[in-house]
Amino acid sequence: MEPEALNSSADQLNSILESSIRDSAEMQLRIIDLIPQLKSVAALFCQAWEQNHTVYVIGNGGSAAEAQHLTAELVGRFERDNCLAAHALTTDTSIITALSNDFSFDQVYERQVRALVKKGDVVVAISTSGNSSSIVRAAKQALSSGASVIGLSGASGGQLNELCHICLKVPSTRTCRIQEAHLTIIHLLCELVELMHSS
């Protein structure tokens, strides 16, 4: 490749990356609009823990990783040592593979929620589209079990929007931007919980 072509390609890549970084930063700033909802979710978490209930979290793919991230911060420590009852239903490979094999993947969270979740618990359902069948079915089951349902989704909220007590919707349709914002939301919730729970 000629030096000119290399420079042109590099300039194009720089432009694409700069645009993506700016887009990501702008999306982070738009989370400010979610502050009232974030405070309500944190208060709901704290109320559940005060009554000896548990926060359960579900998600697929990158959202499964974020489910585990959230529960790790709560059970472990974000910045203060609170040791809060939280469990990601994404982690037991024996249960997940058994349910996928014996029933269908659509039921991997629904059946866990049915078995474990009690009235007064909180289920956090993470889906960038809001339409993942396994997440939607689990949210419906959580409502039937008497749990509060919190959604983390993208712009429209999808089907999840109608099933949540509170749905934190990131105003984007790009999966990468939504997931980046979800991570920020998770950290903000942990920060709020630690401030509220220890006060």
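Our structure's up above, just so we're on the same page.
Notes on the structure in this doc start here.

Each value, and the rule that gives it
- Residues numbered from 1 in each chain as written.
- Predicted model: local features only at pLDDT ≥ 70, side-chain atom pairs only at ≥ 80, totals over all residues.
- Heavy atoms only, no water.
- Phe/Tyr/Trp six-rings, centres within 6.5 Å; stacked < 30°, edge-to-face > 60°.
- Helix = DSSP H or I, 4+ residues; strand = E, 2+ residues; numbered from the N terminus.
- Buried < 20%, exposed > 50% of the residue type's maximum accessible area, 1.4 Å probe, protein only.
- Axes fitted to C-alpha atoms, helices over the stretch in contact; angles between N-to-C directions.
- Parallel < 35°, antiparallel > 145°, perpendicular 65-115°, else oblique.
- Left-handed = near helix turned anticlockwise from the far one by under 90°.
- Contact = heavy atoms within 4.5 Å.
- Nonpolar A, V, L, I, M, F, W, Y, C, P; charged D, E, K, R; others polar.
- Pairing = 2+ DSSP bridges.
- Salt bridge = Lys/Arg side-chain N within 4 Å of Asp/Glu carboxyl O.
- Core = buried A, V, L, I, M, F, W, Y, C linked by side-chain atoms within 4.5 Å.
- 1 Å grid on protein atoms, 1.4 Å probe; cavity = no way out; pocket = protein on both sides within 12 Å on 5 of 7 lines; lining within 4 Å.
- Points joined across faces, edges and corners; volume = space filled by probe spheres on them.

### Quick look at the packing of aromatic side chains
- Following the criterion strictly, the structure yields one aromatic pair and no others.
- Ring geometry for Phe-45 versus Trp-49: centroids 5.7 Å apart, planes at 65°, classification edge-to-face. Within this pair, Phe-45 and its partner Trp-49 are both found in helix 2 (residues 35–50), separated by four residues, close to a single helical turn.
- With relative accessibility at 1%, the residue Phe-45 sits in the buried group.
- Given the relative accessible area of 9%, Trp-49 is considered buried.

### Brief notes about the packing of helix 3 (residues 62–75) against helix 7 (residues 175–197)
- Look at helix 3 against helix 7: their axes get within 10 Å of each other, and the N-to-C directions meet at 15°. Taken together, the axes of helix 3 and helix 7 lie roughly parallel to each other. The two elements helix 3 and helix 7 meet at a crossing, and its hand is right-handed. On helix 7, the residues that touch Gly-62, Ser-63, Glu-66, His-69, Leu-70, Glu-73 and Leu-74 of helix 3 are Gln-179, His-182, Leu-183, Ile-186, His-187, Cys-190 and Val-193.
- Here the residues of the contact of helix 3 with helix 7 sort into six nonpolar, six polar and two charged.

### What to know about the sheet that holds strand 5 (residues 166–169)
- Spatial strand order, 2-1-3-4-5: five strands in an open sheet with parallel pairing. Whereas interior strands pair on both sides, the edge strands pair on one side only; in this sheet they are strand 2 (86–88) and strand 5. For this sheet, the mean angle separating the axes of adjacent strands, direction not counted, is 15°.
- Of the strands in this sheet, strand 1 (55–59), strand 3 (122–126), strand 4 (148–153) and strand 5 are in contact with helix 2, which crosses strand 5 at around 135°.

### Some words on the pattern of salt bridges
- On inspection of all chains with the given rule, the structure shows five salt bridges.
- Between Arg-22 and Glu-18 there is a salt bridge, and its shortest N-O distance comes to 3.2 Å. One end of the pair is Arg-22 and the other is Glu-18, both in helix 1 (residues 3–30) and four residues apart, which spans about a single turn.
- The network of salt bridges with common partners includes Asp-23, Arg-174, Arg-177 and Glu-180.

### Looking at the nonpolar core
- In terms of nonpolar packing, the biggest core is built from 32 residues, with Val-124 and Ile-185 touching the most fellow members.
- Elements with a minimum of two residues in this core: helix 2, strand 1, helix 3, strand 3, strand 4, strand 5 and helix 7.

### Some details on empty space enclosed by the protein
- A complete count under the given rule lists one cavity of 30 Å³ or more for this structure.
- A volume near 30 Å³ is recorded for the largest cavity.
- Looking at the largest cavity, the residues that line it are Glu-73, Leu-74, Phe-78, Asn-82, Leu-84, Cys-190 and Glu-194.
- Elements represented by at least two residues in the lining of the largest cavity include exactly helix 3 and helix 7.

### Looking at the packing of helix 2 against helix 7
- With their axes 9 Å apart at the nearest point, helix 2 and helix 7 run at an angle of 55° to one another. Relative to helix 7, the element helix 2 is oriented oblique. Helix 2 and helix 7 meet at a crossing whose hand is right-handed. On helix 7, the residues touching Leu-38, Lys-39, Val-41, Ala-42, Ala-43, Phe-45, Cys-46 and Trp-49 of helix 2 are Ile-185, Leu-188, Leu-189, Leu-192, Val-193, Met-196 and His-197.

### Describing the environment of Val-57
- With respect to the secondary-structure elements, Val-57 resides in strand 1.
- In this structure the C-alpha to C-alpha distance between Val-57 and Ser-145, which are 88 residues apart in sequence, comes to 15 Å.
- Residues contacting Val-57, with those up to four places away along its chain left out, are Ala-67, Leu-70, Thr-71, His-87, Ala-88, Leu-89, Thr-90, Val-124 and Ile-126.

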